Amino acid sequence: MTARIFRLFIPLLAVAAAALCSMAIIALSGRDPLMICEKLFRATFASGYGAGQVLFKTTTLIFTGLAVALPFRARLFNVGGEGQLQLAALAAAITGALLPESLPPVVAVLFSAFAAMAAGGLWGASAGLLKVRFGVNEVISTIMLNFIAQAATGYLMSWRFAEPSTGHTAETGGAFMLPQIDDLFGLFAGSPANISLLIALGTALCAALYLFRSRAGYELQAVGLQPEAAKYAGIQSGRHVTAVMGLAGAIAGLGALNLVSGYKHYYEAGLTGGFGFSGIAVALLAGANPLWIVPAALFFGLLEYGGLAVGAYVPKDIFMIIQALTILIVIVLNARKP
């Protein structure tokens, strides 16, 4: 088997191996693994509400996974998706609360999207600038920027934007709310799944076209693969580093539409729920391929909600073990020389 073909099957092998290990753990805990799998299926894909919950979580994971995958193509590791998403969610909520409800829904949603992308993009680009201007490793800078984002949002909520006697911002107007899939198509009744899922799928497709069908994408990958050769060819690596980190932050920020405009309609502490960190696992499982991000996000979305759905039978921690094992196996298999 050639290395190229082998690598194509790595995600499937990793998921299968992690699933087998987890079934063994479930059996050791005294539960029937097949019974747990059946209940998991019934609570998710066999249920309209459960499937909608899985797709809701998948939507944000697509955005945060792409935010890791694109810089990874330039050998950059964006660990700042959580902070970028957090600031973007606050920006989207404040925008929706301050602008008049008389705005047409399309314009209102565009305002929220622009605010979210601007907040996330500026936060991501700042890490790129730190690397280009001062040589700061992007892993360190994005981790530190996550802490700053958490502190900044906490301060702004405590002293400025939280509604009295609540822990959240004012609710956005009706024009800023994305329609639910249930309202449009009669699917996933009662679940928070909304049309930001379609935006996520479109973003993944655009990211793939950018990487594999554009000159800018080719130059970006050249910077990652052979920085010296790229520099000799006249490619400005610093510009690409800053641009892709800003683009990654903007894409992570788009995930705020799902959480704010499509679900809560306000910002509160804990709203982002670690989606930024889970996006790292999604990107690693997908091999940083934008199109593979979608099934990888679906897999992690299934584990995220499935762990809650069967929590009465087995600890949710088992599903966290599955996630961790999957990524460890991906790393091991990628390091293998077939």
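Scroll up for the structure.
Residues numbered from 1 in each chain as written. Predicted model: local features only at pLDDT ≥ 70, side-chain atom pairs only at ≥ 80, totals over all residues. Heavy atoms only, no water.

**Student:** Honestly, unusual backbone geometry in this entry has me stumped. Any pointers?
**Tutor:** With the exception of glycine, most residues fall at negative phi, and the peptide bonds are largely trans. If you check the backbone angles, R75 has positive phi at about 60 degrees while not being a glycine. Along the chain, the position of R75 falls in the loop between helix 4 (48-72) and helix 5 (81-98). (Helix = DSSP H or I, 4+ residues; strand = E, 2+ residues; numbered from the N terminus.)

**Student:** Where do I start with the pattern of salt bridges in this structure?
**Tutor:** For the structure shown, the criterion picks out 5 salt bridges. Of the charged contacts, one joins R42 and E38 as a salt bridge, the two residues approaching to 3.2 Å between their closest N and O atoms. Of this pair, R42 and E38 both sit in helix 3 (residues 33-43), separated by 4 residues, roughly a single helical turn. What makes R42 exposed here is its relative accessible area of 56%. (Salt bridge = Lys/Arg side-chain N within 4 Å of Asp/Glu carboxyl O. Buried < 20%, exposed > 50% of the residue type's maximum accessible area, 1.4 Å probe, protein only.)

**Student:** I'm lost on the nonpolar core in this one. Help?
**Tutor:** Ranked by internal contacts, the top residues of the largest apolar core, which has 70 residues, are I293 and F300. It is helix 12 (residues 237-264) that provides the largest number of residues to this core, a total of 9 residues. Setting aside chain neighbours within four positions, we find I293 in contact with I62, G65, L66, A69, V282, A283 and A286. If you look at the next biggest cluster of nonpolar residues, it comprises 5 residues, including L87, A115, A119 and A149. (Core = buried A, V, L, I, M, F, W, Y, C linked by side-chain atoms within 4.5 Å. Contact = heavy atoms within 4.5 Å.)

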